[in-house]
Amino acid sequence: MTTSQQDRALIGHLLRRSGFGASGAQIDAASALGYPALVESLFAPGADPGAESTAPPASLADPALAEPRLDAKATPQQRKAANAARTQAGYDLVAWWLSRMVAAHRPWTEKRTFFWHGHFATSVLKVRSAALMLKQNQTQRALGGGDFRALMRAMFTDPAMMLWLDAAGSTAKAPNENLARESMELFSLGVGNYTESDVRQAALALTGWRLDRASGEAVFAPKAHAAGAQSILGRTAGFDVDSFTDLLMAQPANARFIASRLWFRLGSADPIPAETLSRLVAAYGPDRDLTALARAVFTDPVFTAPAATAPSSASARYALVKQPAEYVVGALRALKINPPADGAAKESALLRAALGGLGQVPFAPPNVGGWPSGRLWLTTAATQARVTFAHWVASVGDVSEVADAAPSARADAVAHLLGIDAFSARTRSALADLAAGPADLVELALLSPEYAVN
Amino acid sequence: MDTLTRRRFLLASGVTGATALAGGAAALAWSDLHKAAAADPLPPGEGIVVLLTLYGGNDGLNTLVPATDGAYQKARPDLAYQPHEVLDVGDALGLNPAMTALHDLWRGGKVAIVRGVGYPRPNHSHFVSMDIWQTASPSEPGTSGWLGRWLDAQPDDRMRALRAVSLGGVLPPLLAGTKTAGSALPLGRFALPRGTTGSALKALGASSAQDCPNAAYAARDTADLFTVSAAFSPILADASTAAGGDGNASPGAAKPGTGPGGKNAKRAAGNALARQLDIVAACIESSVPTRVYAVSLGGFDTHSAEKGTQSALLKQVSDAIGAFQQRIGAGARGKDVVLVAYSEFGRRVAANANDGTDHGTAGPVFVVGESVRGGFVGEQPSLTDLDNGDLKFHTDFRSVYATVLDRVLGTDPASVLGGPFPALSFL
C-alpha cells in the first residue's frame, strides 16, 4: 500500500469503529481533516441535522397510546388488541433507532449508545414496554459520554432495568439478587471481583424500590428497604443505592473492567495488551470520564497500528467482525437507503428479519450478558441471512457509483463505495465475472470476506 | 485480566473455534455435495446425541418436585406445588404439572432422571456456570467446548462441516473445538443465489493467502454454507413446509406444526423448541452424517413471577420432546438417538420477594430415548442439609458426559474430558 492508501485505511478503520461503516466518500471527506483532528471531531459539540430529523415518534413516548392498560374485565378481543399494540410499538422502536443510526451525521453518539445498550443489555421481550425501553435508551444516550458513576446510578433505578432484572418490588424480607449480581458481574466490576456474600448483601442495599406504572417512575419506599448495616466488598455500612454505587466506583477493578469492555467492542476481541489497558485506565481516571476513555481507545498505538504482519505484533486492525447492526446499517448508509421509522413498513419487517437471522435485533439482546462478539457472528446460518439481505439491499440501493464506472474499473468502484481497503486476488477474480451487473457486483462485495471483517 | 474473565472473552469472541477454521481443509465441489451426503449416509446403529440446553438456570425443585417434603413447602410457600398437583414418578417426587408428555414417556420407561447434578465449588454466574458446563472444565479455565473436542478428534474430511450441528443462528461454545467447530443451521430454508452470482459467491469460499485471520474464517464459513446447504436443503424444505412457516419469522411467531407426530405434534404447535426438534427429526430420518445436534430454549432465569413462566417453558420442553420421541422412536433410528437436557444451575431453595427464586446450584438432568434405561440415577439432594441455602450436588455432570461419549458416540471419554469419570447406569 502507498502512504496515502495507508492513511485512508486508518481513517476507514476509525470511522467503522466509531460509527456504522464508512463509504469511500465519507473516507475521502474525513481524510482532508487528518487523523488527530478527525478523532477530536468525534467528541466536539455540534448540531447533527440527521439526528434532529429522526426524533422518536411521539406515540412511542406516550405509554397510554402504545401500551393500553387493561383491567381484569377486559375481553379476549381487547387483550389481543392490546398485545398487538405492544408488539407494534416494539417494532416502531426498532425501526426508529435504525432510521436514526442511518441518518446520523455524527454516528459516534449512536454507536456509543449501542455500546451501552449491549453493556446494560435489556430486552423489550421481557420489559414489554416500548416507552420504558425508549426512556432507557435516551438515558444511555444522554449519560454515555460523561462520568460512568452517573450512568451506573441511573441504571439502578431505570424503570426498564428494574423490570428486566426484577429489582422492582424487592423487599428487605426476601431480597431479589438479580440486579445486585449483574451490577457487579456485568456492569461495573467483572467476574472474580466480588463474592457470593457480596451479592446477597448488595441485594439488601437495593431493596425498597418499586415502579409506579402510572408515571413510569421508580419510587423509593423506606419501609421496604433493609434496615441495619450490610458488609459489601469489605466495607460495612447501612448502604443504599447511592452509597452502593459509590462503593462500586471506588473498586480498582471498575476502571479495568470498563476499559476492557470498551476495548473489546471498539478495539479488538483479542485479550487487551497490558500497556493498552494501563493507558485506558489512566484516561478513565478518577472522574470515570467515558469520553476521555473513548478518545484513548481511538488514539492507542495498538488501535492505530497497521494490520499485524506477525502473530506477535498487536494490532486492532481487522481484529473484529462486523456486528450485525454495523453490517446492516453500514450497508444502508453506503447505498443511501433511509429506512422508515415505522415498524409496520415493509422495509422494517425486512430489516428485522435480516437482523433476526444474523442474531442481533436492537432492544432484544438474548440475555443480560449482551450479544456475542468476534467470530461467533460468522456461522453458516448467519451467512445465509447475509445472502438474503445483500440481495435486497443491492437491488433497492443506489449503486450508481459502480454503474457509472467502466466495467474494468468496477471492482475498484465497489471497493470505494463500500469502504473496503483492498480485495484479495480471490475476491477480485470472483467480482470480475459479475462486472456487467452493478447491483450483482455490490451484492457479491457485501458478501465478501473482506467486508465481513471490521 | 483474570483467568475467568479471559475464559469468557475467549469463548464469547469465538477465538476458541477459530484457530483451525482459519486453516485450509479440502474444499468441496458444489455439484458433488448432495451426492456425497447421500453416498455417505450415517450407518444404522451409529449413536446420535441431541443436546438440549436450557438457558437461564432452570428451577430443578419445581421441575422434579419433592411436593410432600415439608421443608420444600416451608421454603417457598407461594411457589410450591401441592402433592396432588404434580405428576407422580415415585420416590416421593413428581414432575411439574405441565410436563404431561414427558410423564407419558417416563411411564413407558424411556426417561432417566439424573438427580442432583452439579460440580464442586458451584459458580452462581449464568455465564461462568454455562461455560463450565459447556467446556466441561469446572476448575481450570477451558477454551474449548466438550463436543468441540470430540469433533476435533474426528477425521478432517469432506463430512467435517456436517458432523455437529446447532439449530439457530449463533454457535454455542460447546460445539467450538480447538481445531474445528460445528455448523449452524438456520431455522428456515437455505436460499443461495443461482447462476453466475451463485458461482461467484462460491468462489468467495476459497482460501486466500491475502486474507487476515478473520477474513479467512469468513471465507471458510462461506464454503461451509455451500456444504451444509447441499446436505440439508431438501430436509429443511420438507420440515419448513410441514411447519407451515418460514425461518425468518421473529421469535414467538412460529406457526403451528402440522407434520407427522399426531397428538404430540398438535400439543407442540407454536413451540420454539419443537421447531428445532422437527428439523433434527427430519435430518435424522434422512440419514445425514450428523452425530451431534445442539438445540436450546431460553428464559429460565425466573427471579420473579416464576410459576407461570416456568410451567409454560416446561410445557414447551415436555411437548417438544414428546413429539420428537413419538416421531423418532418408532422409526429405524429410534434406538440410536439419545436426548440429554440440562441447565447451567438450579435455583435457591427459598423463594424471594417477587415470587421467584435466585441463582442456585445442583439440578436434574433428563435423558430420553428408546435405548435409555428409565428411572432415577443418583440421590435427590436434601432440603435440610444445605450449603448456604443451596442444594449440595451428588453427581458430577462430567459423569453424564462420559456416559454419553462412551455409549452413544463410541469415544474414549477421558480423551475429551481430561480424565476418567464413573459411567452412569442410564445407558
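Keep in mind the model is a prediction, meaning the values are calculated, not measured.

Calculation criteria
- Along each chain, residues carry numbers from 1 onward, in the same order as the chain's sequence is written.
- Just so you know, chain letters begin at A and ligand numbers begin at 1, following the order they were written in.
- Reporting in this predicted model follows two pLDDT cut-offs: at least 70 for local features of residues, and 80 or more for side-chain atom pairs to be given and counted; totals over whole chains, interfaces and linings ignore these cut-offs and use all residues.
- By definition, any uninterrupted DSSP run of H or I lasting at least four residues is a helix, any uninterrupted run of E lasting at least two residues is a strand, and each is numbered from the N terminus.
- The burial label depends on the number of other C-beta atoms within 10 Å of a residue's C-beta. Counts of 20 or more mean buried, 12 or fewer mean exposed, and intermediate counts mean partly exposed, with C-beta atoms placed from the backbone.
- Note on contacts: each residue gets a C-beta atom placed from the backbone, and two residues are in contact if those atoms are within 7 Å.
- Under this scheme, a helix contributes an axis fitted over its contacting stretch, all axes are lines through C-alpha atoms, and angles between N-to-C directions fall in the 0 to 180 degree range.
- Each angle gets one of four labels, with under 35 degrees taken as roughly parallel, over 145 as roughly antiparallel, 65 to 115 as roughly perpendicular, and the rest as oblique.
- In a left-handed crossing the near helix is turned counterclockwise from the far helix by less than a right angle, and in a right-handed crossing that turn is clockwise.
- In this description, strands pair whenever DSSP reports at least two bridges between them.
- Helices are assigned an expected span. That span is 1.5 Å times one less than the residue count.
- Residues of type Ala, Val, Leu, Ile, Met, Phe, Trp, Tyr and Cys that are buried and joined through C-beta atoms within 7 Å form what is called a nonpolar core.
- Amino acids are sorted into nonpolar (Ala, Val, Leu, Ile, Met, Phe, Trp, Tyr, Cys and Pro), charged (Asp, Glu, Lys and Arg) and polar (every other residue, Gly among them).
- What pLDDT reports is the predictor's confidence in each residue, on a scale of 0 through 100.

Asker: Describe the overall build of chain B, and please don't skip the residues or the numbers.
Answerer: For chain B, the count of helices and strands is 14 helices and 12 strands. A total of 427 residues make up chain B; the buried ones form 62% of that total. For chain B, long-range pairs separated by at least 24 residues make up 72% of all intrachain contacts whose partners lie at least 6 apart in sequence.

Asker: Can you break down the overall build of chain A residue by residue, with the values?
Answerer: Helix and strand counts for chain A stand at 27 helices and four strands. Referenced to the eigenvectors of the C-alpha coordinate spread, the extents of chain A come out at roughly 75 × 60 × 40 Å. Here chain A holds 454 residues, and the buried ones make up 56% of them.

Asker: An account of the environment of Asp212(A) is requested, with residue identities and associated values reported.
Answerer: Locating Asp212(A) in the fold gives a position in strand E1 (residues 209-212). In sequence terms Asp212(A) and Ala168(A) are 44 residues apart; their C-alpha atoms lie 9.4 Å from each other.

Asker: Describe the packing of helix H16 (residues 252-266) of chain A against helix H18 (residues 290-299) of chain A, with residues and values.
Answerer: Residues and elements named next belong to chain A. Two elements in contact, H16 and H18, have axes separated by 10 Å at closest approach and are oriented at 45°. In this view, H16 runs oblique relative to H18, as classed from their interaxial angle. Here H16 runs over H18; the crossing is right-handed. Of the residues in H18, those touching H16 at Ala259, Leu262, Trp263 and Leu266 are Leu293, Ala294 and Val297.

Asker: Quick rundown of the environment of His359(B)? Include the residues and the values.
Answerer: Examined against the element boundaries, His359(B) turns out to sit in the loop between strand E9 (337-343) and strand E10 (363-368). Residue His359(B) is classed as buried on the basis of its 25 C-beta neighbours within 10 Å. Along the primary structure His359(B) and Pro173(B) are separated by 186 residues, whereas in three dimensions their C-alpha atoms are 22 Å apart. Once residues lying within four places of it in the same chain are set aside, the contact partners of His359(B) are Glu177(A), Gly57(B), His124(B), Phe345(B), Arg347(B) and Arg348(B).

Asker: Give me the sheet that holds strand E3 (residues 87-90) of chain B: which residues, what numbers.
Answerer: Residue and element names in this part refer to chain B. With antiparallel pairing, three strands are arranged side by side in an open sheet as E2-E4-E3. Looking at the sheet topology across the chains shown, the edges are occupied by strand E2 (64-65) and E3. Where E3 lies against strand E4 (residues 93-95), three bridges are found, and the strand directions are antiparallel. Residue leucine 87 lies in a different strand from E4, and its bridge partner there is leucine 95.

Asker: Can you break down helix H22 (residues 380-396) of chain A residue by residue, with the values?
Answerer: Compared with an ideal rise of 1.5 Å per residue, which puts 17 residues at 24 Å, H22(A) spans 25 Å between its outermost C-alpha atoms and is within 8% of the ideal. Residues of H22(A) that are buried include every one of Thr380(A), Ala381(A), Ala382(A), Thr383(A), Gln384(A), Ala385(A), Arg386(A), Val387(A), Phe389(A), Ala390(A), Val393(A) and Ala394(A), and no others.

Asker: Tell me what's going on with the pairing of E1(A), and back it up with residues and numbers.
Answerer: Residues and elements named next belong to chain A. Bridging between E1 and strand E2 (residues 217-220) involves four bridges; their strand directions are antiparallel. Across the sheet, tryptophan 209 pairs through a bridge with phenylalanine 220, a residue of E2. A loop of four residues connects E1 with E2, the two strands running antiparallel in sequence, and glycine 216 in this loop sits at a positive phi of about 70°.

Asker: Please set out unusual backbone geometry residue by residue, giving values where relevant.
Answerer: Positioned with a positive phi, Arg288(A) is a non-glycine residue whose angle comes to about 50°. Along the polypeptide, Arg288(A) turns up in the loop between helix H17 (274-284) and H18. Residue class for Arg288(A) comes out partly exposed when judged on the 19 C-beta atoms lying within 10 Å of it. Even without being a glycine, Ala92(B) presents a positive backbone phi close to 60°. Topologically, Ala92(B) is positioned in the loop between E3 and E4.

Asker: Lay out helix H11 (residues 272-285) of chain B with the relevant residues and their values.
Answerer: For H11(B), which comprises 14 residues, the first-to-last C-alpha distance of 21 Å matches the rise-based estimate of 20 Å (1.5 Å per residue) to within 8%. Burial analysis of H11(B) places 13 of its 14 residues in the buried class, which makes it a mostly covered element.

Asker: Which residues make up the environment of Ser448(A), and what values do they have?
Answerer: Within the fold, Ser448(A) resides in the loop between helix H26 (438-446) and helix H27 (449-452). Of the residues examined, Ser448(A) has 28 C-beta atoms within 10 Å and is grouped as buried. Here the alpha-carbon distance between Ser448(A) and Ala168(A), two residues 280 residues apart in the chain, equals 47 Å. The contact partners of Ser448(A), leaving out residues within four places of it in the chain, are Phe423(A), Thr427(A) and Leu204(B).

Asker: Account for the nonpolar core, with residues named and values stated.
Answerer: If you look at the biggest cluster of nonpolar residues, it comprises 273 residues, and the most contacted ones within it are Leu93(A), Leu206(A) and Val340(B). A per-element tally of this core places helix H9 (residues 213-243) of chain B first, with 14 residues. Once residues within four sequence positions are removed from consideration, Leu206(A) is found in contact with Phe156(A), Ala167(A), Ser170(A), Leu179(A), Ala180(A), Val241(A) and Phe244(A).

Asker: Tell me about the packing of H11(B) against helix H12 (residues 306-329) of chain B, and name the residues and values.
Answerer: All names here are of chain B. Interaxial distance between H11 and H12 falls to 9 Å at its minimum, and their mutual angle equals 15°. As summarised for this structure, H11 and H12 are arranged roughly parallel, according to the angle between their axes. Once H11 is placed against H12, the crossing between them reads as right-handed. The segment H11 lies against H12, with Ala272, Leu273, Ala274, Leu277, Ala281 and Ile284 engaging Gln316, Val317, Asp319, Ala320, Ala323, Phe324, Arg327 and Ile328. Along the lines of polarity and charge, the residues of the contact of H11 with H12 split into 11 nonpolar, one polar and two charged.

Asker: Before we move on, can you summarise the pairing of E10(B) with the specific residues and values?
Answerer: Residues and elements named next belong to chain B. Among the six residues of E10, six are classified as buried, and the element is accordingly described as predominantly covered. Taken together, the five bridges between strand E5 (residues 111-118) and E10 define a ladder with antiparallel strand orientation. Following the sheet pairing, valine 114 is matched in E10 by valine 365.

Asker: Could you give an account of the confidence of the model for chain B, naming the residues involved and the relevant values?
Answerer: Residue and element names in this part refer to chain B. Scored by pLDDT, chain B has a mean of 84; 83% of the residues are at 70 or more. A low-confidence stretch, residues 1-34 (pLDDT under 50), is modelled with 82 contacts involving residues beyond four sequence positions or located in other chains. Note on the complex model: pTM 0.86, ipTM 0.93.

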